[in-house]
Amino acid sequence: MIGTGILKGMGVTARNFVGSYFEKERLITVQYPEERSPLPENYRNFPFLIYDGEDPQAGLRCVACKICEKECPPQCIYIVKSDDKKPDYMGKPQFYPKVFDIDISVCMSCQICVEVCPFEAIKMDKEFELSKRERFNHLLQRKEELSKPNEYYHGICPTEAADVDAKLGAAAEAAAKKKAVAAAPAAPVLAKPTGPTGSTSAPASS
Ligand code: SF4
Ligand code: SF4
């Protein structure tokens, strides 16, 4: 019968409306901004940069390789590479971004910058109260605003952040082992016995 679907839909709405006075789980609205619904772990908004330790400058993971800048579809990332280098989380000297800006008025939250970054240096944030009255520049986020500690990342995406830490820890361990092997003194090379008595063969005369 025509209109049955509409009647069924109205029935669901009415049941939830009346039910919301008696069952809290049927109440799907909250008194924002005093009350806030928890955001799911896979919710994302705009990117931010991660640093390790206490110092945002010393601990910044970004090495200014500019891959994200090149791959960003609307080209809203702007990076200027440093002239000098600083040690990364494995102690290897690396460049760092002297300037790292993201224009969030252009960013489309696609997460491509996160996926292409080989250094786990950029991740998606959940911050959404970023509106401004001004139209220009105020939505341009600078390196200082974008830099957030790894603990913050653990707070917003605990599962993903734990996986990233495990991956970086394994890479650091493998690099340390490789370094130790390279630094170990080379074992002396013994002459290979060839004859039945164990004597080495003499070079063939021409
Ligand atoms: S999320 Fe997408 S649009 Fe935004 S900065 Fe990253 S790559 Fe660019
Ligand atoms: S965020 Fe990652 S991809 Fe972008 S410049 Fe820094 S290290 Fe390179």
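Right above here is the structure, for reference.
Novice: Please explain the overall build of the protein chain as it appears in this structure.
Specialist: Check the secondary structure of the protein chain and you find 6 helices and 8 strands. When the helices and strands of the protein chain are read in sequence order from the N terminus, they spell out α-β-α-β-β-β-β-α-β-β-α-β-α-α. Expressed as lengths along the three principal axes of its C-alpha atoms, the size of the protein chain is roughly 105 × 45 × 35 Å. Burial statistics for the protein chain: of 206 residues in total, 17% are counted as buried. Contacts spanning at least 24 positions in sequence make up 64% of the contacts within the protein chain whose residues lie at least 6 apart.

Novice: What's the story with the site of ligand 1 in this structure? I'm lost.
Specialist: Near ligand 1 you find 14 residues, and of these Cys72, Cys107, Cys110, Ile112 and Cys113 are the closest. Taken together, the residues of the shell around ligand 1 break down into 12 nonpolar, 2 polar and no charged.

Novice: I would appreciate a short explanation of the site of ligand 2 in the present structure.
Specialist: Not every one of the 13 residues close to ligand 2 is listed here, only the nearest: Cys62, Cys65, Cys68, Cys117 and Ile122. Among the residues making up the shell around ligand 2, the classes are represented as 12 nonpolar, no polar and 1 charged.

Novice: What's the story with the nonpolar core in this structure? I'm lost.
Specialist: Taken as a class, soluble globular proteins show a tendency for nonpolar side chains to be buried jointly. If you look at the biggest cluster of nonpolar residues, it comprises 23 residues, and the most contacted ones within it are Leu49, Cys62 and Ile122. Put simply, the parts of the chain that give this core at least two residues each are strand E1 (47–51) and strand E5 (97–103). Considering every element that reaches this core, the biggest residue donor is E1, with 4 residues. In contact with Cys62, not counting residues within four places along its chain, are Leu49, Tyr96, Pro97, Phe100, Phe119, Ala121 and Ile122.

Novice: Even after reading the chapter, I still don't get the sheet that holds strand E8 (residues 147–149), so can you show me in this structure?
Specialist: Judged by pairing direction, the sheet is mixed, and its 3 strands sit side by side in the order E6-E1-E8 without closing on themselves. The outermost strands of the open sheet, each flanked by one partner alone, are strand E6 (122–124) and E8. For this sheet the average axis-to-axis angle between neighbouring strands, irrespective of direction, equals 50°. Pairing analysis gives 3 bridges linking E1 to E6, with the strands arranged antiparallel. Paired with Leu49 across the bridge in E6 is Ile122.

Novice: Is there a simple way to think about helix H1 (residues 4–19) in this case?
Specialist: The α-helix advances 3.6 residues per turn, and as a result positions three or four apart in sequence lie on the same side. Relative to the 22 Å expected for 16 residues at 1.5 Å per residue, H1 spans 22 Å between its end C-alpha atoms, a close match to the ideal helical length. Burial of H1 is sparse: only 0 of the 16 residues sit out of reach of the surface.

Novice: Got a minute to help me understand the sheet that holds E5 in this structure?
Specialist: Overall, antiparallel pairing links the 3 strands, which are arranged E2-E5-E7 in an open sheet. On the outer flanks of this sheet lie strand E2 (77–81) and strand E7 (140–141), each paired with one strand and no other. In this sheet, E7 lies alongside E5 in antiparallel orientation, the contact comprising 2 bridges. Of the residues in E7, the one forming a bridge with Asp103 is Leu140.

Novice: Help me understand the environment of Thr4, please; the structure alone is not making it clear to me.
Specialist: With respect to the helices, strands and loops of the structure, Thr4 is situated in helix H1. Taking the C-alpha atoms as reference, Thr4 lies 80 Å from Ala184; in sequence the two are 180 residues apart.

Novice: For this particular structure, what's the right way to read the pairing of E5?
Specialist: Note on strand geometry: in a regular strand, side chains alternate between the two faces of the sheet. Pairing geometry for E2 and E5, over 5 bridges, is antiparallel. Pairing of Lys81 across the sheet is with Pro97, part of E5.

Novice: How should the environment of Thr13 be read in this particular structure?
Specialist: Tracing the backbone shows Thr13 in helix H1. You can call Thr13 exposed: it has 10 C-beta atoms within 10 Å. Sequence-wise, Thr13 and Cys110 are 97 residues apart; in three dimensions their C-alpha atoms are separated by 34 Å.

Novice: Mind showing me how you'd approach unusual backbone geometry here?
Specialist: Leaving glycine aside, a negative phi is the common case for residues, and trans is the common case for peptide bonds. Backbone torsion omega between Tyr32 and Pro33 reads 10°, so that peptide bond is classified as cis. With respect to the secondary-structure elements, Pro33 resides in the loop between H1 and E1. For Lys66, which is not glycine, the phi dihedral falls at a positive 70°. The backbone of Ser109 shows a phi angle near 55°, a positive value even though the residue is not glycine.

Analysis parameters
- In every chain, residue numbers begin from 1 and rise along the written sequence.
- For this description, chains carry letters from A and ligands carry numbers from 1, given in the order in which they are written.
- In keeping with the predicted nature of the model, local features appear solely for residues at pLDDT of at least 70, side-chain atom pairs appear and are counted solely at 80 or more, and the whole-chain, interface and lining totals rest on all residues.
- Numbering of helices and strands starts at the N terminus; helices are DSSP runs of H or I of at least 4 residues and strands are runs of E of at least 2.
- Counting other C-beta atoms within 10 Å of its own, a residue is labelled buried from 20 upward, exposed at 12 or fewer, and partly exposed in the gap between, with every C-beta atom placed from the backbone.
- Two residues qualify as being in contact provided that their C-beta atoms, derived from the backbone, are within 7 Å of each other.
- Using a C-beta atom placed from the backbone, a residue is scored as near a molecule or strand whenever that atom is within 6 Å of it.
- Amino acids outside the nonpolar list (Ala, Val, Leu, Ile, Met, Phe, Trp, Tyr, Cys, Pro) and the charged list (Asp, Glu, Lys, Arg) are all regarded as polar, and Gly is one of them.
- When buried Ala, Val, Leu, Ile, Met, Phe, Trp, Tyr and Cys residues are joined through C-beta atoms within 7 Å, the set is termed a nonpolar core.
- Pairing between two strands is assigned when DSSP locates at least 2 bridges connecting them.
- In this analysis, axes come from line fits to C-alpha atoms, helices being fitted only over the stretch in contact, and the angle between any two N-to-C directions falls in the range 0 to 180 degrees.
- An expected span of 1.5 Å times one less than the residue number is assigned to each helix.

This is a description of form; function is not addressed.
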